[in-house]
Amino acid sequence: MQTHRRLPLAILAALVAVSLSAQTPLIDQGRAAIGRGDTAAAITILEKAVAESPTIAEAHFYLGNAYSGEMLKLGMFGAAKYASKIRDEYEKTVALNPKNNDARFSLVQFYAGAPNLMGGSYDKAFEHAKAIKAIDPVAGHRAYAFIYTQQKKADLAKQEFADAIREQPTSPKPHSYFGQYFVNTEKNYTAGFAEFEAALKVRTRWTG
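Residues numbered from 1 in each chain as written. Predicted model: local features only at pLDDT ≥ 70, side-chain atom pairs only at ≥ 80, totals over all residues. Heavy atoms only, no water.

### Section: the confidence of the model for the protein chain
Within the protein chain, residue pLDDT values average 87, and 87% of them lie at 70 or more. Contacts of residues 9-22 to residues separated by more than four positions or lying in other chains number two contacts, the stretch itself having pLDDT below 50. (pLDDT = per-residue confidence, 0-100. Contact = heavy atoms within 4.5 Å.)

### Comments concerning the packing of aromatic side chains
Counting across every chain of the model gives 14 aromatic pairs. Consider the rings of Phe178 and Phe182, whose centres lie 4.5 Å apart with planes at 25 degrees: the pair is stacked. In this pair, Phe178 and Phe182 are both assigned in helix H8 (residues 173-186), four residues apart and thus about one turn of the helix distant. Judged by relative accessible area, which is 9%, Phe178 ranks as buried. Pairing Tyr189 with Phe193 gives two aromatic rings, centres 6.4 Å apart and planes at 35 degrees, and the pair type is tilted. Of the two residues, Tyr189 and Phe193 are both situated in helix H9 (residues 189-207); the distance of four residues between them amounts to about one turn of the helix. Overall, Tyr189 belongs to the partly exposed group, its relative accessible area being 43%. Of note, Arg142 hangs over the ring of Phe105, and the distance from its end group to the ring centre comes to 4.2 Å. (Phe/Tyr/Trp six-rings, centres within 6.5 Å; stacked < 30°, edge-to-face > 60°. Helix = DSSP H or I, 4+ residues; strand = E, 2+ residues; numbered from the N terminus. Buried < 20%, exposed > 50% of the residue type's maximum accessible area, 1.4 Å probe, protein only. Lys NZ or Arg CZ within 6 Å of the ring centre and 35° of its normal.)

Structural data, given as structure tokens:
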């Protein structure tokens, strides 16, 4: 009797394993297409992966990335066509895997950067930033800083990076993120490179 009770679970496990195995080549192909800049091909491949196995978070994540890449190529037309698809794929990713901080940060970027008519929402951006911070405090500070930057609150953004450095003095990541902020947002290359150098010093000090 015990054998019969366990059989359905064994069959289910086998089917899941086969499904995951079948999806790996498609996901890898989609990632490779994204890597070489062929986002149109990546979309075709990853949409197939998602259709065949809609419960695999990784497939949704990379499909969201493919949509994002294609949107950037097409400009305003691409934004109108792909914005909601990008949001939906990343939301599906975190619904299936709440610890996927890369997807959550992509949602922070979407909600904080998109206009209201296209689904932008600072409240939703902050929700995802809070979830990120619960998993990775440094990444959480980065997420909050991004939102404050979009809100034109530079002092609050820079305070987030400063807090991350103070809280995690042995990690090079806060300095690296702060450097990216200075270079990309303020075009302050001197301050940016100083933070990059600090990141290297911290890494050398704590890794030997």
